[in-house]
Amino acid sequence: MKSVLVASIITAALAGLLFGFDTAVIAGVTADLRHVYRLTPETLGVTVSAALWGTLVGALVTGGPGDRFGSRRVLGVLGLCYIAAGVGCALATDWSAFLAFRFVCGLAIGGSSVLAPVYIAEVAPPARRGLLVGLFQLAIVAGILIAYLSNAIVAVLIDHEAWRWKLGVSAAPAIVFVALLFRIPDSPRWLVARARVTEARVAFARIGLSPTDADQEIERILGALAIGQSDGRLSWSLHRRPIVLAVVLAAFNQLAGINAVLYYLNDIFARAGSLSPDLQAITIGAANLIFTLLGMVLIDRIGRKPLLAAGAAGMTLCLSIAALVLFGRIGGSVLLPALVGFIAFFATSQGAVIWVYLSEIFPQDVRARGSALGASTHWLFNAVIAGVFPMLVAWSAGAPFVIFATAMAAQCVVVLLIFPETKGIALDAIRERMV
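Numbering of residues begins from 1 in every chain and follows the order in which that chain's sequence is written. Local features in this predicted model are restricted to residues whose pLDDT is 70 or higher, and side-chain atom pairs enter the listing and the counts only when it is 80 or higher, whereas totals over whole chains, interfaces and linings include all residues. Note: side-chain values were computed over all heavy atoms of the structure, leaving out hydrogens and water.

Participant: Could you give an account of the overall build of the chain, with specific residues and numbers?
Facilitator: Helix numbers and strand numbers start at the N terminus; a helix is a DSSP run of H or I with at least 4 residues, a strand a run of E with at least 2. Looking only at helices and strands, the chain features 20 helices and zero strands. Each radius of gyration reported is based on C-alpha atoms, and the globular scaling rule is 2.2 Å times the count of residues to the power 0.38. Since a compact globule built from 435 residues should have a radius of gyration of about 22 Å, the 21 Å found for the chain is in line with a globular shape. For the chain, the C-alpha atoms occupy an extent of roughly 65 × 45 × 35 Å along the three principal directions. By definition in these notes, contact holds between two residues if any of their heavy atoms fall within 4.5 Å. Considering only residue pairs separated by 6 or more positions, the chain has 82% of its internal contacts joining residues 24 or more positions apart. For the chain, the computed accessible surface area is about 16300 Å², with 68% contributed by carbon and sulfur atoms. Positive charges are assigned to Lys and Arg, negative charges to Asp and Glu, while His and the chain termini are left out of the count. A single reference atom marks each charge: NZ on Lys, CZ on Arg, CG on Asp, CD on Glu. Computing the positive centroid from 31 side-chain charges and the negative centroid from 23, the chain places the two 3 Å apart. Each accessible area is a Shrake-Rupley estimate made with a 1.4 Å probe; only the visible protein chains count as cover when residues are assessed.

Participant: Please set out the packing of aromatic side chains residue by residue, giving values where relevant.
Facilitator: Centre distance within 6.5 Å is the pairing criterion for rings of Phe, Tyr and Trp, where only the six-membered ring of Trp is used; planes under 30 degrees apart are then read as stacked, over 60 as edge-to-face, and the remainder as tilted. The tally for this structure, following the rule as stated, stands at twelve aromatic pairs. Between Tyr37 and Phe98, the ring centres sit 6.0 Å apart and the planes meet at 45 degrees, which makes this aromatic pair tilted. Of this pair, Tyr37 sits in the loop between α2 (30-36) and α3 (41-69) while Phe98 sits in helix α5 (residues 95-123); the two residues are 61 residues apart in sequence, bridging distant segments of the chain. A residue is classified by how much of its surface remains accessible, and Tyr37, at 14% relative accessible area, is buried. Ring centres of Phe342 and Phe346 lie 6.4 Å apart, and the angle between their planes is 45 degrees; this geometry places the pair in the tilted category. Remark: Phe346 and Phe342 occur in helix α17 (residues 335-360); sequence separation between them is four residues, near one turn of the helix. Partly exposed describes any residue whose relative accessible area lies between the buried limit of under 20% and the exposed limit of over 50%, with all areas from a 1.4 Å probe on protein chains only and scaled to the type maximum.

Participant: How would you sum up the packing of α5 against helix α18 (residues 367-395)? Please name residues and give values.
Facilitator: Angle between the axes and distance between the axes are the two parameters that describe a pair of packed helices. Axis geometry follows a simple rule: fit a line to the C-alpha atoms, using only the stretch in contact for helices, then measure angles between N-to-C directions, giving values from 0 to 180 degrees. Interhelical geometry of α5 versus α18 gives an angle of 140 degrees and a closest axis separation of 9 Å. If you check the angle between α5 and α18, you find them oblique. With respect to the hand of their crossing, α5 and α18 are arranged in right-handed fashion. Between α5, through Ile109, Gly110, Ser113, Val114, Leu115, Val118 and Glu122, and α18, the contact on the second element is made entirely by Arg367, Ala368, Ser371, Ala372, Ala375 and Trp379. Any angle between 65 and 115 degrees counts as roughly perpendicular, while under 35 counts as roughly parallel, over 145 as roughly antiparallel, and the rest as oblique. Here a crossing is taken to be left-handed if its near helix is turned anticlockwise relative to the far helix by less than a right angle, and right-handed if that turn runs clockwise.

Participant: Outline the packing of α3 against α5, listing residues and values.
Facilitator: With their axes 6 Å apart at the nearest point, α3 and α5 run at an angle of 40 degrees to one another. Taken together, the axis directions place α3 and α5 in an arrangement best described as oblique. Crossing angle aside, the handedness with which α3 passes α5 is right-handed. For this scheme, ten residues count as nonpolar: Ala, Val, Leu, Ile, Met, Phe, Trp, Tyr, Cys and Pro. Four count as charged, namely Asp, Glu, Lys and Arg, and the remainder, Gly too, count as polar. Taken together, the residues of the contact of α3 with α5 sort by class into 14 nonpolar, ten polar and one charged.

Participant: Describe helix α16 (residues 304-326), and please don't skip the residues or the numbers.
Facilitator: For α16, which comprises 23 residues, the first-to-last C-alpha distance of 32 Å matches the rise-based estimate of 33 Å (1.5 Å per residue) to within 8%. Immediately beyond the C-terminal end of α16, within one or two residues, lies Gly328, with a positive phi of roughly 80 degrees. Here a helix's expected span is defined as the number of its residues, less one, multiplied by 1.5 Å.

Participant: So what's going on with unusual backbone geometry? Residues and values would help.
Facilitator: Backbone geometry places Glu161, a non-glycine residue, at a positive phi of 50 degrees. Positionally, Glu161 belongs in the loop between α6 (129-157) and α7 (162-168). Exposure remark for Glu161: the relative accessible area of 34% places this residue in the partly exposed category. The backbone phi angle of Ala195 is positive, close to 60 degrees, even though this residue is not glycine.

Participant: Outline the nonpolar core, listing residues and values.
Facilitator: In these notes, a set of buried Ala, Val, Leu, Ile, Met, Phe, Trp, Tyr and Cys residues joined through side-chain atoms within 4.5 Å is what counts as a nonpolar core. Counting 129 residues, the largest nonpolar core has Phe98, Phe342 and Phe401 as its most contacted members. With twelve residues, the single largest contributor to this core is α17. With near-sequence residues (within four places) excluded, Phe342 lies in contact with Ala256, Gly257, Ile258, Val261, Met315, Cys318 and Leu319.

Participant: Please give an account of the pattern of salt bridges that cites residues and values.
Facilitator: A pair is scored as a salt bridge if a Lys or Arg side-chain nitrogen falls within 4 Å of a carboxyl oxygen belonging to Asp or Glu. What the rule picks out here adds up to twelve salt bridges. Here Glu217 and Arg189 are joined by a salt bridge, their closest N and O atoms 2.6 Å apart. Of this pair, Glu217 sits in helix α11 (residues 211-227) while Arg189 is found in helix α9 (residues 188-193), placing the two residues 28 residues apart along the sequence. Comparing Glu217 with Arg189 shows no difference in burial state: the two are buried. Among the charged side chains, a network of salt bridges with common partners joins Arg129, Asp300, Arg304 and Glu360.

Participant: Residues and numbers for the side chain of Ser376, please.
Facilitator: Topologically, Ser376 is positioned in helix α18. Counting of polar contacts relies on pairs of N or O atoms within 3.5 Å, with two restrictions inside protein: one atom must be capable of donating a hydrogen and the other of accepting it, and residues adjacent in sequence are counted only when both atoms are side-chain atoms. Among the polar contacts made by the side chain of Ser376, one reaches the main-chain carbonyl oxygen of Leu373 at a distance of 2.9 Å. Those residues in contact with Ser376 that lie beyond four places of it in its chain are Leu56, Ala59 and Leu60.

Participant: Break down the side chain of Thr316 for me, citing the residues and quoting the values.
Facilitator: If you trace the backbone, Thr316 turns up in helix α16. Among the residues examined, Thr316 registers a relative accessible area of 19% and is labelled buried. Polar side-chain contacts of Thr316 include one of 3.2 Å to the backbone nitrogen of Ala409. Residues in contact with Thr316, not counting those within four places in the same chain, are Ala405, Met408 and Ala409.

Participant: Please set out the state of the cysteines residue by residue, giving values where relevant.
Facilitator: Any two cysteine sulfur atoms within 2.5 Å of one another count as a disulfide. Tallied over the full model, the rule gives zero disulfides. With no disulfide partner, Cys318 has as its closest neighbouring cysteine sulfur the one in Cys412, 14 Å distant. Accessibility expressed as a relative area gives 18% for Cys412, which makes it buried.

Participant: Could you give an account of a nonpolar patch on the surface, naming the residues involved and the relevant values?
Facilitator: To count toward a patch, a residue needs a relative accessible area over 30% and no salt bridge; like charges are then connected within 9 Å, while nonpolar side chains (Val, Leu, Ile, Met, Phe, Trp, Tyr) are connected within 5 Å. There is a patch of nonpolar side chains on the surface, built from Trp53, Val57, Leu60, Val61, Phe103, Leu380, Val384, Val388 and Met391 and spanning about 700 Å² of accessible area. Relative to the elements of secondary structure, Val388 occurs in helix α18. A relative accessible area of 33% means that Val388 is categorised as partly exposed.

The analysis is restricted to geometry; functional conclusions fall outside its scope.
Right under this line is the structure:
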């Protein structure tokens, strides 16, 4: 691949690293926040979910600007939000200010979850699209692992108010991200959709297409836009099937319980009587990274649908074992292997697939808006689950895991029944499978 294309994909994927870091870093400071702000289980849930409500808003509002101004430019604004949130959380002196900056952080995460995969999908060759969009998810789990490592290192190096440093270090990679965005082109597909064909030819050339191939691609995009033109509006009558698929996939992604587990990982291990929650959290983060790599290798070989179905079946088993541990039916030593298995099945399936699938199933003129619908559903369920998780655990530690296991059993059936395969198909041809 041409160096500019590689740089473009890596830069967009870096938004995923910021996403993962800022999502998971809260797991290492919940005890400090509980003490500093005298939080109850209810207010701890509010604190953790503050960023998640921001992600919901960010996902909802960035689709329109993304379609209008281009993913690259809007990602630059979101990068500035990451910087402000990291510095603000580190310096916050009261609970309300902390909540406000976590909400801003959420705005950036939610917007990134929409626009970075869309940008990558639009510049990636069809045969490698699953792998390349999957780099966004790889960056997310790398960010999660880095957050766990960072938390452990900061805890060793700093004694006084280490939690502030844990939260503040995220501003550094955000600065790098904003700087790199100036060096990559706008999506040529977006440029064609905005009738900026001359600029699109230049952008196609920068990412490695010959003039002949660029002209053919432009004609193909224009033809697809003419067939499915919807004035840039997401319409139930025109886009019913991709809307249903996006909402269902995003809802099940969070009903797996993945982010609730990641946010409260240290608390879960502590409740089960496990030793060294920080080190076990790093084990979970490492497993997440390794199995995401496996998912990226498989997604363009065996496809999206088989991964989703097999992963749901595996997660059902692992979540059921975790529930038994937390109900006290089996020993706590089984919890770490069960959660590693859960992470392995999630990362290989849903983790590798969700952002790829959401970026593929909508037509060009509403791609960012459609992805925003899926992402906002993802973050809505995320916020609700993270907010009620501490209260459910306080009532019955194993109850949330029973709910998660049941949802994954249902997902396995739903995927087999209604999800079409999209591997290796050009973006403009996928619309034929969405009718």
